[in-house]
Amino acid sequence: MRVMAQLAMVMNLDKCIGCHTCSVTCKQAWTNRSGVEYVWFNNVETRPGQGYPRTYENQDRWEGGWVRDSRGRLRLRAGGRFKKLLNIFSNPKMPSIEDYYEPWTYDYENLTTAPLGEHMPTAPPRSLLSGEPMKVTWSANWDDNLGGSPEILAGDPVLAQVSDKIKLELEQAFMFYLPRICEHCLNPSCVASCPSGAMYKRAEDGIVLVDQDKCRGWRMCVSGCPYKKVYFNHRTGKAEKCTFCYPRIEVGLPTVCSETCVGRLRYLGLLLYDADKVLAAASTEREQDLYEAQLDLLLDPFDPAVAAAAKENGITDEWLEAARRSPVYALIKQYKVALPLHPEYRTMPMVWYVPPLSPVVDAISREAHDGENVDNLFGAISALRIPIEYLAGLFTAGDTEPVDRVLRTLAAMRAYMRDHNLEREPDPSIPASVGMSEESMYEMYRLLAIAKYEQRY
Amino acid sequence: MSTGIDGPVADLLLRSGRFFTRGEVSPDLRTISKTGGREGDVFYRDRWSHDKVVRSTHGVNCTGSCSWKVYVKDGIITWETQETDYPSVGPDRPEYEPRGCPRGAAFSWYTYSPTRVRYPYARGVLVEMYREARTRLGDPVLAWAEIQDDPERRRRYQRARGKGGLIRVTWDEATEMVAAAHVHTIKRYGPDRVAGFSPIPAMSMVSHAAGSRFVELMGGAMTSFYDWYADLPVASPQVFGDQTDVPESGDWWDASYLMLWGSNVPVTRTPDAHWMAEVRYRGTKVVTVSPDYADNTKFADEWMPCAAGTDGALGMAMGHVILREFLVEKRTPFFVDYVQRYTDLPFLIALEERDGAYVPGKNLTAADLGDESEASAFKPVLVDGRTGEVLAPNGSLGFRYTDSGIGKWNLELGDVVPQLTVLAESGESVPVLLTRFDTPDGHAEVLTRGVPVRRIGDRLCCTVFDLMLAQYGVHRPGLPGTWPAGYEDAAEPYTPAWQEAITGVSAAQAIRVAREFAHNAEESGGRSMIIMGAGICQWFHGDATYRAILALLILTGSMGRNGGGWAHYVGQEKCRPITGWATMAMASDWVRPPRQMIGTGYWYAHTDQWRYDGYRADALASPLGRGRFAGMHTMDVLAASTAMGWMPFFPQFDRSSLELADEADAAGVPVPQYVAQQLASGALKLAVTDPDNPVNWPRVLTIWRANLLGSSSKGNEYFLKHLLGTSSNVRADPTPADLRPRDVTWVDETPEGKLDLVLSLDFRMTSTTLLSDVVLPAATWYEKADLSSTDMHPYVHAFSPAIDPPWETRSDFDTFHTIARVFGRLAATHLGVRRDVVMVPLQHDTPGETAYPHGTERDWRATGEVPVPGKTMGQIAVVTRDYPALAEQWESLGPLVETLGVTTKAITVYPDQEVAELAGRHGVMGHGAGAGRPALDTAVKMADTILALAGTSNGRLAVEGFKALERRTGRRLVHLAEGSEEKRISYADTVARPVPVITSPEWSGSETGGRRYAPFTVNVEELKPWHTLTGRMHFYVDHDWMEELGEQLPVFRPPLDVAGLFGEPRIGTVDKGLGLCVRYLTPHSKWSIHSEYQDNLFMLSLSRGGPTMWISGIDAAKIGVADNDWVEAVNRNGVMVLRAIVSHRMPEGVVFVHHAQERTIDMPLAEISGTRGGIHNSLTRLLVKPTHLAGGYAQMSFAFNYLGPTGNQRDEVTMVRRRSQEVQY
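Residues numbered from 1 in each chain as written. Chains lettered and ligands numbered in written order. Predicted model: local features only at pLDDT ≥ 70, side-chain atom pairs only at ≥ 80, totals over all residues. Heavy atoms only, no water.

Under the annotation held in an unreviewed UniProt entry, chain B carries the name Nitrate reductase alpha subunit and is attributed to Nakamurella multipartita. As its UniProt record puts it under Catalytic activity (unreviewed entry), chain B is described as follows: "nitrate + a quinol = a quinone + nitrite + H2O". Note on chain B: under the UniProt heading Subcellular location (unreviewed entry), the record states "Cell membrane". (UniProt positions renumbered as here; feature names shortened; annotations may be inferred.)

Listed below in structure tokens is the structure:
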């Protein structure tokens, strides 16, 4: 056992309001400069939708991440490093600026300086790349709130898997938001893709970084990352990516995106994992088993054997204590309500998500079921608007069972807490129905709902 | 199974490669880890470093009032992140941290952006004329006057408005020109031709007050904003006698059933939305009502897809279910007790005979029963269920201002049990006629239902409850009339089946949600809450919709509860230290009363939108009314309202109010009497009756903290054409001759270019600055000291300067201080000290609201009598204006504070100690008009003065206020603030951290003991009356004009029929050339706060980057529109060019053009007109609802931003078509 520490994040999508404050504060702090105008270390996607850059999840096209070959060995989907070296000057899997978007500004000065004319001055758009007039046709968030859905949703790779069930009509509409940062993977394909050895994972906390001095701008990391969370600065010619705000983390502050999240849905914490087992876990045969394999990598910080091994590997008591008080550990491993994003990419991502509840489908809500059902908030999981297959396509390589279990757990918590809320006798059979004790359900409720600053970070 | 990486060649490469790498390559060659020595990462550490962090906030009208950390490096603002240090709300609740949204997070972009106004600018054409005349004449005022007297020159610069050609000028020149315009206007026409527009004081109280104080000291008029924005729910004064009072968002956490009705919380209340997400985890059920699949529906358990504008029908049907099941079939004790105590349901209404049946009449009062004691006409009566006796309980308006009412203005009932119905076995009953409006074009038809009656004297009476059951169609055995057969009866209003056909919401869902809502309220003690928003408020009949929904809350005992009741969040940014702000802003420390104008009335008249009304005021009337609007144009209604003292109008008279005072003196007649006589004789006219006469035009308008002409101007093109006199896209036809006003002068040539001067203060270029004659560069919110508060949280916190105002920018405070000084200098020559006749309407929360018993109209112009000021017309006051000393008054705290006291909602306190304290702290002015008075010469001093003069921020005044209220109510109330006597919130405190406010009689809820603020908890718990006729919440409003529109009771009124009223096509019409006719809605945007941020590069980058229209796939297909195609929307009011966002979350027949998208960003020339496409409000226009002009009576009386016509804009339609994809700028 080689115990290593990893900083990880959980985002509770059930609370995400899709406001993009995280994107803006992140951009202001880190990428509000030339060369990275189009770069959003943190972005928020409306799902269903194409994401940013568009269709990045379509690995048939972009070939990011890892695959397990017929011999059971893990290799980069885009081909081994040897092949990569051959393609180093022309990478066919590199997203173009159109796949992100052509950044633009406006002729704002015209508003102040326009001479007396016939019409009111306006500020038309100008490309930030060429300076030329342009029509804006795509952005980092073009399909926000299902905008352009009739044309755009066909390009959602996850929706394609469940599309036979989805009709694009108001009565069946559903949406939710997916905020994304770098996954700071345990098995980062970007690091493995870099021919210069410029990318690395910080030994003490697992943050994945680009060494700005060593980066030679080959951009193999860009194509190697299946989440497309490494970007190319066209001014400096170097790769840049989310740094997990290490200058803040190092002085005890949460990441910018976390602290400024007004949905209060982000949790930061430390995880311990067994570094010796990462490759085996990432090589798990069935994609649907990768979630469990990833869970198994995470070590119980309360286990004395783990603690001893951690100490041996240089992890201090403070860090061990942080791992024990980690809200991220509680949500991922104890309550098992957080799930990894696309475990099938085999990168062992370290940003996890609590999947969202949604309203019941129109057909159910139009019916006259018993009004008393207001207390039974977990009766209708199968009738929720977001198809469970869609969520499973994001978080569990298509296996609906874990998603169903999480949604049931959330619904059970609501039903259980309704009794508390109305000062009735709480019903212990409700937590029991999802395999939880009253105590742990109440603790989970506090973590998800009360979520004080000190609890979140 | 063998695991490993790649193949042997790659392994070899990697194995050799790792010797050149400083990091540690994992044994499986997967990854590289590294410790220490990371020079390559210094870049990010450097980027993060900064010199200081300063607390500030955003003074934008969003109700957020979020506290922010502003980062500064090398004297440059770099970015901002949210503060997280709000005082805790308790261990078992989520906190307010962090508060903010992406828009706020993008604010610092403005500081150094290319759209920043860095220097004073003025219209080049005007500057040239002014310089020439100024040089020649040697006097700024004479120079200004000469230009204004020359029609050719005047029109030349007016026509140039908004067309570029702004040039840089100096501060000296700009302020001299501005001051000259003011002085000239006062001298020539009188001070009430000057107006100021600046909304929402709470979003930066000092900046607002600085300008308003300047306007009010000179006698100008401040125009209202809350009603003008259509954010005022007129139902609130009608039902509660309160402007609006709502729970802080932290109180959503207390709800156990939460409905969001027309309020898209994640978008419009972004920093508060987390409460909605979190409260679900307590087991609270969440239901949303909206026409589209809105953002908030993501968080709902159920969505009620209610067709746009039909929400009132759903509300009425849910009310039908609740009344029938919970108040008739089962008399739920919790509800029955509540409505007996706190509502007007048990009060008696006299029925009036009409065509062989009866119609609901007026509230029966003690006066009607022969009681001749004081104010008996304002003591409505009810029946004591124990004794059958008819009596007038405590707490009604008759107890509020009278000597005999001292100690009795309370809701104590003693042993009295108010009887909800006069229904008795074998009792008498009569058919009652009621109005229904559920016709396709909204016209009225008559319903016949029945009520039990009791004969009192010579009158037949029933209770409000009896009328409510008749109105809602809840049948009780033995009553005459036509009634619904059951819930499934779709023909009779207001059943669940009836609403299904209108709203599209299934009857089953309406019944179930109504039941759940009521059951929850019963079990939780009233913790059923409805968050209500602009989606239902901003319609022409938004007040009717609101009353239908409020009824659900009041009937279930949910109002005045933590976790229950209404949560109306539309533009309501609560100025918590209201008394302090009002004293500063209205300059009531020096002069009283202030001139306050209903914004909608002002713009309706002065932009000449009234001249395009295609219908008469009685088009909306009930056939059961008294015909009071027959033959009247809405402008006539406004004039009648003004004449009777119901609503204000400025300018007041067709003559200078300064000269009028001189005339009265010369005639030796007291001014009020003189004015009344002159009006009666016709020698003096109300300006409202001749608004297009040049002597009655507004002349000088100052706009600050606002973008009137790019954001809120409903009927924007009419503003451009008539008020400003520049190019416009108005396409409407004037009112045909047979529909023109009866009492208001119609001139043949509609004036163009009424305003002499448009002045704006801003830090960015907007439509308003582009259309202004003078633009002064303002400091941003990160460059000045000010105060912020909101209704959404219970704190007061600070703006503080992160940097000094850059370039030549100045804070609003410093700008008005500067202008005031220049004004004083010019006034010494041209104005001197004058006496000013000020006419103000009969005001709410004053004895003036008892002028018109029963709200019965009596227009002296029709009767020929001489009006009596304060009785049958507005009050007349004479105010001395010391114009040369204006700046000295402006910068010092005047003496009226302690001599007359400061008053909010009829509670007066005397802050003599505070004046002494302020004098000690701030020093006193050494000379001039303010000699010896506390200084107000810096923004921080004004902030501290605001805080010192309000109960919410000064515990002593809160206690004093409660003592005053104790005397009137006879109830113990001081305990609500006791223990806070020593508490003084200062500006410095608010800079350190957001500070919780103190419970004060200025508001209706209590924060005592750290509880969450919810409105009306003091009324419910302490038996303090509401500020209404009965002192209770009203279902029934018996004002004449309410009766005229058939709206005494909650009722469903559909969207206005603009096809019938204005000849627009019907929704769904497809015309080959013009496109498709759709409902045109302007909901609030995700990417801006009104027009602020819609030009911000971050927000534009995250959205579609310019003006857009959301349209359903179905509608887009009808006109061949693909996503991102350019489309053009055209109706009679104007034109707009947009790009389409096609989405299946939109319903058919409805488009969204998010408020507020301006011409300033990516707006091409319109194909149809060849001129610049418009703003979102180019397609809207003002539609004035006559009932909003009702006044003079109890809660239906004017107060500033409390009651007035709304600038509603949601009933509009437009044609939309795919236009040429080649656009020109």
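In this section: the pattern of salt bridges. Side-chain pairing between opposite charges can occur once the charged atoms of the two side chains come close. As enumerated under the stated definition, the model contains 123 salt bridges over all chains in all. In this structure, the salt-bridge partner of Glu45(A) is Arg180(A), at a minimum N-O distance of 2.7 Å. You can see Glu45(A) sitting in strand 2 (residues 43-47) and its partner Arg180(A) sitting in strand 7 (residues 176-180), a full 135 residues away along the chain. Residue Glu45(A) is classed as buried on the basis of its relative accessible area, which comes to 3%. The partner of Lys330(B) in a salt bridge is Glu522(B), with the nearest N and O atoms 3.2 Å apart. With Lys330(B) in the loop between helix 12 (311-329) and helix 13 (333-342) and Glu522(B) in helix 16 (residues 507-524), this pair connects stretches of sequence that are 192 residues apart. Counted as one network, the salt bridges with shared partners bring together Lys15(A), Arg264(A), Arg456(A), Glu97(B) and Glu278(B). (Salt bridge = Lys/Arg side-chain N within 4 Å of Asp/Glu carboxyl O. Helix = DSSP H or I, 4+ residues; strand = E, 2+ residues; numbered from the N terminus. Buried < 20%, exposed > 50% of the residue type's maximum accessible area, 1.4 Å probe, protein only.)

Our focus in this paragraph is the nonpolar core. All names here are of chain B. Core analysis: the largest hydrophobic core is formed by 512 residues, its most contacted members being Met259 and Phe823. The residues touching Phe823, leaving out its near neighbours within four places in the chain, are Ala179, His182, Val183, Ile186, Phe214, Met218, Leu831, Tyr883 and Leu886. Judged by nonpolar contacts, the second largest core, of 24 residues, contains Ile1119, Trp1126, Leu1138 and Val1153. (Core = buried A, V, L, I, M, F, W, Y, C linked by side-chain atoms within 4.5 Å. Contact = heavy atoms within 4.5 Å.)

What follows is about the sheet that holds strand 14 (residues 351-354) of chain A. Residue and element names in this part refer to chain A. Pairing is mixed across the open sheet formed by 4 strands, whose spatial order is 12-1-14-13. The sheet is open, and its two borders are formed by strand 12 (266-274) and strand 13 (339-340), each paired with just one other strand. Sheet topology note: the strand 1 (residues 3-12)/strand 12 ladder contains 9 bridges and is antiparallel. Within strand 12, the residue paired with Ala5 across the bridge is Leu272. (Pairing = 2+ DSSP bridges.)

Right, let's get into the layout of surface pockets. Residue and element names in this part refer to chain A. One number sums up the size of the second largest pocket: a volume of about 870 Å³. Residue lining of the second largest pocket: 30 residues in total, with Leu268, Gly269, Ala322, Pro327 and Tyr457 positioned closest to the centre. Of the residues that constitute the lining of the second largest pocket, the class distribution is 16 nonpolar, 5 polar and 9 charged. (1 Å grid on protein atoms, 1.4 Å probe; cavity = no way out; pocket = protein on both sides within 12 Å on 5 of 7 lines; lining within 4 Å. Points joined across faces, edges and corners; volume = space filled by probe spheres on them. Nonpolar A, V, L, I, M, F, W, Y, C, P; charged D, E, K, R; others polar.)

To continue, consider the packing of aromatic side chains. Going through the model one piece at a time under the given rule, you end up with 70 aromatic pairs over all chains. Note on Trp610(B) and Trp746(B): the rings are 5.8 Å apart at their centroids and 90° apart in plane angle, and the pair reads as edge-to-face. Taken together, the positions of Trp610(B) in the loop between helix 20 (599-606) and helix 21 (634-643) and Trp746(B) in the loop between helix 25 (716-724) and strand 24 (757-762) put the pair 136 residues apart, joining distant regions of the chain. For the pair shown, Trp610(B) and Trp746(B) are each scored as buried. Between the aromatic rings of Phe813(B) and Trp890(B), the centroid separation amounts to 4.9 Å while the plane-to-plane angle is 50°, which identifies the pairing as tilted. A residue pair is termed long-range when its members are at least 10 positions apart, and Phe813(B) in helix 27 (residues 812-830) and Trp890(B) in helix 29 (residues 886-890) qualify at 77 residues. Across the pair, exposure class does not vary: Phe813(B) and Trp890(B) are buried alike. Through pairs of rings, three or more aromatic residues link up here, namely Tyr106(A), Tyr108(A), Phe107(B), Trp109(B), Tyr110(B), Phe763(B), Trp781(B), Tyr782(B) and Tyr1093(B). The side chain of Arg219(A) reaches across the aromatic face of Phe232(A), ending 4.3 Å from its centre. (Phe/Tyr/Trp six-rings, centres within 6.5 Å; stacked < 30°, edge-to-face > 60°. Lys NZ or Arg CZ within 6 Å of the ring centre and 35° of its normal.)

Moving on, we get to the domain arrangement of chain B. All names here are of chain B. Taken as a whole, chain B is organised into domain 1 (121-231 + 579-784 + 815-875), domain 2 (235-321 + 496-568), domain 3 (345-493 + 1031-1045) and domain 4 (1061-1218). Once you take the C-alpha centre of each, domain 2 and domain 3 turn out to be 27 Å apart. On the side of domain 3, 20 residues touch domain 2, which itself brings 19 residues to the contact. When the two sides are added together, the surface that domain 2 and domain 3 hide from each other amounts to roughly 1,700 Å², 69% of it contributed by carbon and sulfur. Applying the counting criterion to the domain 2 and domain 3 interface returns 0 salt bridges. Counting every contact that joins domain 2 to domain 3 gives 5 residue pairs in polar contact (both at pLDDT 80 or more). Those elements that provide at least two residues to the side of domain 2 that touches domain 3 are helix 9 (235-240), helix 12, helix 15 (496-503), helix 16 and helix 18 (542-555). Of all the elements, helix 18 adds the most residues to the side of domain 2 that touches domain 3, at 5 residues. A breakdown of the residues in the side of domain 2 that touches domain 3 according to their chemical character gives 14 nonpolar, 3 polar and 2 charged. (Domains from an automatic or database assignment. Buried area = accessible area lost by both parts, 1.4 Å probe. Polar contact = N/O pair within 3.5 Å; in protein donor to acceptor, adjacent residues only side chain to side chain.)

In this assembly, 152 residues from chain B lie in contact with 149 residues from chain A. Between chain B and chain A lies a buried interface of about 12,400 Å² when both sides are counted; carbon and sulfur atoms form 55% of it. Our enumeration of links across chain B and chain A arrives at 13 salt bridges. Of the charged contacts, one joins Asp14(A) and Arg280(B) as a salt bridge, the two residues approaching to 2.7 Å between their closest N and O atoms. There are 66 residue pairs in polar contact (both at pLDDT 80 or more) connecting chain B and chain A. The element that contributes the greatest number of residues to the side of chain B that touches chain A is helix 16 of chain B, accounting for 8 residues. Residue composition of the side of chain B that touches chain A, grouped by class: 64 nonpolar, 45 polar and 43 charged. As judged from the 2 bridges shared by strand 8 (residues 199-202) of chain A and strand 2 (residues 32-34) of chain B, these two strands associate in the parallel manner.

Our focus in this paragraph is empty space enclosed by the protein. One simple way to see leftover space: roll a probe sized like a water molecule over the atoms. Residue and element names in this part refer to chain B. Using the criterion set out here, one finds 19 cavities of 30 Å³ or more in the structure. Size it by volume and the second largest cavity reaches roughly 440 Å³. As for the second largest cavity, its lining consists of 34 residues, and the residues nearest its centre are Met203, Arg705, Ala706, Asn707 and His1090. Of all the elements in the fold, those that place two or more residues in the lining of the second largest cavity are helix 24 (708-712) and strand 24. A per-class count over the lining of the second largest cavity returns 12 nonpolar, 14 polar and 8 charged. Composition of the lining of the second largest cavity by domain shows at least three residues from each of domain 1 (121-231 + 579-784 + 815-875) and domain 4 (1061-1218).

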